[in-house]
Amino acid sequence: MSKKFSPIPVTVISGFLGAGKTTLLNRILNGDHGRKIAVMVNDFGEINIDSQLIVSAEQSMVNLSNGCICCTVESDLIEQLHKLINLRERPEYILIETSGVSDPSKVVNTLCYPQFRQQLTVDAVVAIIDADNFSSLDGDRRKLAMDQLSVADIVVINKTDLATTRQVESFRQQWLYPYARVFETQFADIPVELLLGTELFETNHSPSKSGHQCNANCDHNHNQQFATYSWESDQPLSLSKLRHALKQLPENLYRAKGFVYLAESPKHRCKVHLVGSRVEIEKEERWQQMPKNQLVMIGWNNLDAAHLNQALENCYS
Amino acid sequence: MDPGRPWAEAVAIKDGRFIAVGGRAEMDALRDEHTREVDLQGRFAMPGLYDMHTHPDLSLAPGYADYLDVGLESPTPDDIAKAILDYAESHPGDGWIYGSYFVHFTFRQAEIEPGCEWLDTVMPDRPVAILDRSWGSMMVNSKALALANITADTPDPGNGFIQRDSITGEATGILIDGAYAMIHAAMPPTPQHALKRAYREGVQYQSSRGVVATKYVHVCEHRLEALKSIDDAGEMTLRVEAAISWQDDIFPVKRRWELLSGERHYYRSARLNANAVKFHFDGVHETRSSYLSSPWPGEEKWRGGLNLTPEHITDMVVDLDRRGIRVISHCTGDGASDLFLDAVAEARRVNGGGVRHQCAHSTLLLEENLARFKELNVTAEFSPAVWYPSDFAYARTQAGEEKMKTLYNFKGVLDAGGVAVMGTDWPVSNINPWIGFETMVTRKNPWGDYSEPFYGEPISLEQAIKVMTINGAWSMGIEHKAGSIEVGKSADLIVLDRNLFELEPQGNLHNTRVDITVMEGEIVWDRLDQFEQAELEAVWKSDQVPTFYERMED
Ligand SMILES: [Zn+2]
Ligand SMILES: [Zn+2]
Ligand SMILES: [Zn+2]
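If you're wondering where the values come from, they're calculated on a predicted model, not measured in any experiment.

(A) Representation of the overall build of chain A in the model. When helices and strands are tallied, chain A shows 13 helices and twelve strands. In chain A, once contacts between residues fewer than 6 apart in sequence are set aside, the share between residues at least 24 apart is 77%. When the accessible area of chain A is evaluated, it comes to approximately 13,900 Å², of which 48% is carbon and sulfur surface.

(B) Local environment of the coordination of the zinc ion (ligand 3). Residue and element names in this part refer to chain B. The zinc ion (ligand 3) binds to the protein through His53 (NE2), His55 (NE2) and Asp425 (OD), with metal-donor distances spanning 2.1 Å. In the primary structure, the donors to the zinc ion (ligand 3) are separated according to the pattern H-x1-H-x369-D. Here the zinc ion (ligand 3) and the zinc ion (ligand 2) are spaced 3.8 Å apart. With a gap of 370 residues between them, His55 in the loop between strand 4 (49–54) and helix 2 (56–64) and Asp425 in the loop between strand 17 (419–422) and helix 17 (433–442) connect regions that are remote in the sequence. Take Asp425: its relative accessible area is 5%, and that puts it in the buried class.

(C) Layout of the domain arrangement of chain B. We note that the domain assignment places domain 1 (10–46 + 494–553), domain 2 (66–186) and domain 3 (192–475) within chain B. Taking only C-alpha atoms, the centre of domain 1 of chain B and the centre of domain 2 of chain B are 51 Å apart.

(D) Region of the structure containing the environment of Glu201(B). All names here are of chain B. The residue Glu201 is located in helix 8 (residues 192–208) in this model. Along the chain, Glu201 and Asp57 lie 144 residues apart, while their C-alpha atoms are 9.6 Å from each other. Setting aside its immediate chain neighbours within four residues, Glu201 contacts Leu60, Tyr64, Pro546 and Phe548.

(E) Fine view of the pattern of salt bridges. Taken as a whole, this structure holds 41 salt bridges over all chains when the rule is applied. Across the pair Arg348(B) and Asp321(B) runs a salt bridge whose closest N-O atoms are separated by 3.1 Å. Taken together, the positions of Arg348(B) in helix 12 (residues 334–351) and Asp321(B) in helix 11 (residues 310–322) put the pair 27 residues apart, joining distant regions of the chain. Looking at Arg348(B), the relative accessible area reads 15%, which means it is buried. Of the charged contacts in the structure, one is a salt bridge between Arg349(B) and Glu346(B), with a shortest N-O distance of 2.7 Å. Linking Arg349(B) with Glu346(B), this pair stays in helix 12, spanning three residues, or about one helical turn. Here Glu346(B) falls in the partly exposed class, since its relative accessible area comes to 26%. Here the salt bridges share partners, and the residues they tie into one network are Arg269(A), Lys271(A), Glu284(A) and Glu285(A).

(F) Region of the structure containing helix 12 of chain B. Residues and elements named next belong to chain B. If you check helix 12, its first and last C-alpha atoms are 25 Å apart, about what 18 residues at 1.5 Å a residue would give, namely 26 Å. Among the structural elements, helix 11, strand 14 (326–331), strand 15 (358–361), helix 13 (372–375) and helix 15 (401–404) are those in contact with the buried residues of helix 12. Directly after helix 12, the chain includes Gly352, whose backbone phi takes a positive value near 75 degrees.

(G) Up close: the nonpolar core. The biggest cluster of nonpolar side chains holds 116 residues, and the ones touching the most others in it are Phe340(B), Phe437(B) and Met440(B). Both of domain 1 (10–46 + 494–553) and domain 3 (192–475) of chain B provide at least three residues apiece to this core. Aside from chain neighbours lying at most four places away, what touches Phe437(B) is Met46(B), Leu49(B), Met422(B), Leu461(B), Ala464(B), Ile465(B), Met468(B), Leu500(B) and Leu509(B). With 42 residues, the next largest nonpolar core counts Leu77(A), Ile94(A), Val108(A) and Leu120(A) among its residues.

(H) Seen up close, the sheet that holds strand 14 of chain B. Residue and element names in this part refer to chain B. Here eight strands make up an open sheet; going across it, the order is 4-11-12-13-14-15-16-17 and the pairing parallel. The open sheet has two edge strands, strand 4 and strand 17, and neither has a second partner. Within this sheet the neighbouring strands show an average axis-to-axis angle of 25 degrees, counted without direction. With four bridges connecting them, strand 14 and strand 15 associate as parallel partners.

(I) Here's a closer look at the pairing of strand 7 (residues 128–132) of chain B. Residue and element names in this part refer to chain B. Within strand 7, five of the five residues are buried, leaving the element largely enclosed by the surrounding structure. Across five bridges, the pairing between strand 6 (residues 97–102) and strand 7 is parallel. Bridge assignment links Ser100 to a residue of strand 7, and that residue is Leu131. When strand 7 meets strand 8 (residues 137–140), the two strands line up antiparallel, connected through three bridges. By the bridge assignment for strand 8, Ala129 is matched with Val140. Where strand 7 folds back on strand 8, the antiparallel hairpin that results is connected by four residues, among which Trp135 adopts a positive phi of roughly 60 degrees.

(J) Region of interest: the pairing of strand 9 (residues 160–164) of chain B. Residues and elements named next belong to chain B. Relative to strand 10 (residues 171–177), strand 9 runs antiparallel, the two being bridged by four bridges. Residue Ile162 lies in a different strand from strand 10, and its bridge partner there is Leu175. Between the end of strand 9 and the start of strand 10, which pair antiparallel, lie six residues, with Gly169 showing a positive phi angle near 80 degrees.

(K) Region of the structure containing the packing of helix 2 of chain B against helix 8 of chain B. Residue and element names in this part refer to chain B. Two elements in contact, helix 2 and helix 8, have axes whose closest approach is 8 Å; the angle formed by their N-to-C orientations is 135 degrees. As judged from the angle between their axes, helix 2 and helix 8 are oblique. Between helix 2 and helix 8 lies a crossing whose hand is right-handed. Judged by residue contacts, Pro56, Asp57, Leu60, Ala61 and Tyr64 of helix 2 engage His193, Ala194, Leu195, Arg197, Ala198, Tyr199, Glu201 and Gly202 from helix 8. Partitioning the contact of helix 2 with helix 8 into residue classes produces eight nonpolar, two polar and three charged.

About the criteria used
Counting starts from 1 at the beginning of each chain's written sequence and moves along it residue by residue. All chains are assigned letters beginning with A, and all ligands numbers beginning with 1, in the order in which they are written. Local features are withheld for residues below a pLDDT of 70 in this predicted model, meaning they are given only at 70 or higher, and side-chain atom pairs are given and counted only at 80 or more; totals for whole chains, interfaces and linings count all residues. To get the side-chain values, take all heavy atoms of the structure and skip hydrogens and water. Think of it this way: any DSSP run of H or I at least four residues long counts as a helix, any run of E at least two long counts as a strand, and we number them from the N terminus. Contact definition: two residues touch when any of their heavy atoms are within 4.5 Å. Here the open area of atoms and residues is found with the Shrake-Rupley method and a 1.4 Å probe, where only the protein chains shown may cover a residue. Listed donor atoms are N, O and S within 2.8 Å of the metal (Na, K and Ca: 3.2 Å). As water is not included, a site may look incomplete. The cut-offs for exposure are 20% and 50% of the maximum accessible area for each residue type, with area from a 1.4 Å probe on protein chains only; residues under the lower value are buried, those over the upper are exposed, and the others partly exposed. Each domain's extent is set by a domain assignment, obtained either automatically or from a database. By salt bridge we mean one thing: a side-chain nitrogen of Lys or Arg within 4 Å of a carboxyl oxygen of Asp or Glu. An expected span of 1.5 Å times one less than the residue number is assigned to each helix. Buried residues of nine kinds, namely Ala, Val, Leu, Ile, Met, Phe, Trp, Tyr and Cys, make up a nonpolar core once their side-chain atoms join them within 4.5 Å. Strands are labelled as partners when DSSP assigns at least two bridges between them. Here the axes come from fitting lines to C-alpha atoms, over the contacting stretch only for helices, and the angles between their N-to-C directions go from 0 to 180 degrees. Between 65 and 115 degrees an angle is taken as roughly perpendicular, under 35 as roughly parallel, over 145 as roughly antiparallel, and anywhere else as oblique. Crossing handedness: left-handed means the near helix sits turned counterclockwise from the far one by under a right angle, and right-handed means the same turn made clockwise. Gly counts as polar in this scheme, as do all residues outside two lists: the nonpolar Ala, Val, Leu, Ile, Met, Phe, Trp, Tyr, Cys and Pro, and the charged Asp, Glu, Lys and Arg.

Here is the structure:
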């Protein structure tokens with residue numbers, strides 16, 4: 001494949017049956033985002049996992065597929081991805097819904113195979129959780145729930161009428177790990193921008209979508225809209241401090257993007273891509289102008305600008 | 001003997017061979033003062049069984065290798081650290097600490113990034129590798145990375161990758177899929193004691209179920225060593241054809257080329273040979289990676305995948321055929337077996353006659369290829385034994401209704417004059433050969449779990465007996481000296497607790513008990529301890545043999 005295209009962002013959405021994935025997908029597909037989105041429903045994995053479970057139920061060890069590549073690789077997924085990449089009308093975005101019984105980390109791993117590096121980039125991994133359902137998980141479903149949450153960048157708690165505040169609270173206590181980025185909603189009413197993050201950073205999209213620009217003097221409530229926070233500075237940052245700070249951002253801060261000037265890589269510009277709790281900092285080309293840090297952060301409702309500013313200034317090397 | 005009735009009323013055995021087969025009166029004529037008479041009290045005797053594809057080593061050895069087993073359902077990083085330290089203490093030295101498992105979720109809960117940085121704080125000076133619970137990744141420490149020569153410059157393997165720091169490019173100590181093989185290659189092989197115990201238990205079990213010959217497909221020099229030590233100890237109570245693995249992703253085969261060019265003869269005995277090779281040509285039905293002759297349902301182009309090019313296979317079959325080595329090719333899709341048969345055809349064109357090669361699994365075969373098994377002298381091996389309704393079997397039935405009608409097509413191959421055999425392919429299906437035996441006749445669930453029959457056509461009991469016996473001998477190239485009860489052949493027979501012709505097969509054949517197994521005239525299995533303390537005492541005692549699947553034997 002030629003390199004003239006930039007990699008297609010892929011969002012992976014996991015969750016058990018009934019958690020609201022289908023509602024969400026329909027919303028995205030019918031939304032007026034003006035993008036060519038390809039949706040893949042990864043239901044082939046279902047059979048695969050089922051059969052593994054059956055084998056293990058009958059036998060004490062099932063490590064045959066463990067070492068043997070021909071049994072573990074998701075070749076069907078690989079082929080489908082190749083097909084999408086090579087479509088004449090190349091999709092601008094790919095959404096993969098993993099079925100209720102397959103392990104989304106396997107899908108994410110496949111997206112990162114060397115053969116896709118120029119073609120695809122993992123934008124976000126979102127786990128949709130039905131808080132009501134989670135209280136009673138056991139056995140293999142419990143293990144799968146852990147897999148879904150451990151690979152998730154953003155955890156969406158989807159409240160049906162049934163889920164009470166107490167259930168949500170107990171879900172948070174039992175299942176959430178530190179610094180999880182959480183979005184609470186009802187009837188899978190999730191802003192599309194949360195899933196297809198690129199929208200939020202594009203200036204040519206309607207400003208109402210990206211809400212208003214918060215600054216350090218901002219001291220008011222923002223409800224049901226995105227808030228943006230921008231930060232600039234020309235002092236070099238420490239990579240480890242930055243990684244640490246970005247990990248500890250508030251739970252309603254979902255995305256950040258920009259460039260940083262790192263002490264560890266002073267000659268090269270480094271790109272930051274943050275989705276929920278996943279932080280990627282990658283070395284790019286040499287600085288063309290004076291090195292500086294430029295970050296844009298996006299959260300839902302309220303962003304505490306003073307706090308964010310402090311957190312970033314603490315990263316100076 | 002009437003080939004249509006390969007069972008007998010009375011036999012006489014001398015020096016490991018049948019010297020007479022027939023009625024009682026004929027036997028009396030051969031009697032002398034050294035003759036021992038065994039009265040089977042009218043029990044049913046038949047030739048011993050042939051399981052032509054199975055893996056006791058892959059099923060059992062990892063469990064016997066004494067690897068680290070954290071032993072908790074969802075261990076925390078602290079639990080894992082403790083387990084590693086305990087293991088190091090009870091296994092002193094500088095050897096590998098390898099095992100399972102960790103859980104990504106508990107690391108997130110503990111705010112720890114899994115990888116070499118954390119693992120080095122637990123165990124810096126011995127190599128450590130630990131798999132995650134869903135087998136999606138392997139966590140290794142710096143020592144392990146160093147021994148496997150994994151650095152920032154190491155290229156990623158196919159179908160997998162080395163997770164790296166995005167700024168420095170250094171490996172983080174998390175390896176994905178295909179990258180495990182780099183660690184396995186750096187590790188010592190599965191310990192000899194584990195391999196030996198695994199094979200020995202496999203042999204014991206198989207003898208106790210009436211198996212007199214088997215193929216252990218995928219071996220390396222270490223596996224052959226283990227098999228040889230069992231053989232040398234006089235405990236190889238069945239004939240074993242071992243197939244050298246053509247690939248390194250199951251376990252590395254460091255001496256493959258030496259083995260193939262002649263070192264394999266070192267292991268050769270009357271009971272053991274390694275004159276075969278096994279490789280995975282395509283994938284499996286569960287992940288739709290089997291290579292089909294047409295696209296998978298719902299796909300425009302995707303036909304599954306081949307792990308090796310057809311050219312590779314053709315050159316390899318021609319070359320090995322010339323050297324007298326049997327090629328056993330994993331072909332689950334009808335497109336893979338089609339190409340494999342083409343490769344054998346080319347070998348026949350170049351070399352003439354030659355070795356009987358083996359199409360393993362044969363899950364789906366093209367109608368037009370059925371006759372080629374006879375034409376090309378290729379064995380159609382059907383495995384694993386899941387040709388009856390079960391959740392597991394139905395997980396393999398995605399290739400479309402039309403194709404499913406011909407799933408595991410014993411009948412098609414036999415009707416076209418070809419040789420069909422069966423394999424348990426343990427651990428993919430149960431090592432008890434009687435389940436496959438019953439269900440090739442019924443295509444029904446032996447325990448009545450499902451009322452409808454499975455896809456595909458049943459064969460007759462007479463045909464099934466041949467599949468289980470003489471056909472196996474043919475696929476090993478020993479049908480002239482074993483595989484049936486005939487004068488001059490090796491005295492291999494089994495005595496059963498029931499007459500297979502006097503029962504309704506469904507529900508009554510899979511749980512057949514083998515009372516006695518005789519191998520080359522020697523009693524190797526004696527379920528009822530009939531011959532205890534006697535001259536004819538069996539090699540294996542009934543209380544020695546492990547049961548692997550209690551439920552499935554009743
Ligand atoms: Zn504001
Ligand atoms: Zn196979
Ligand atoms: Zn196998």
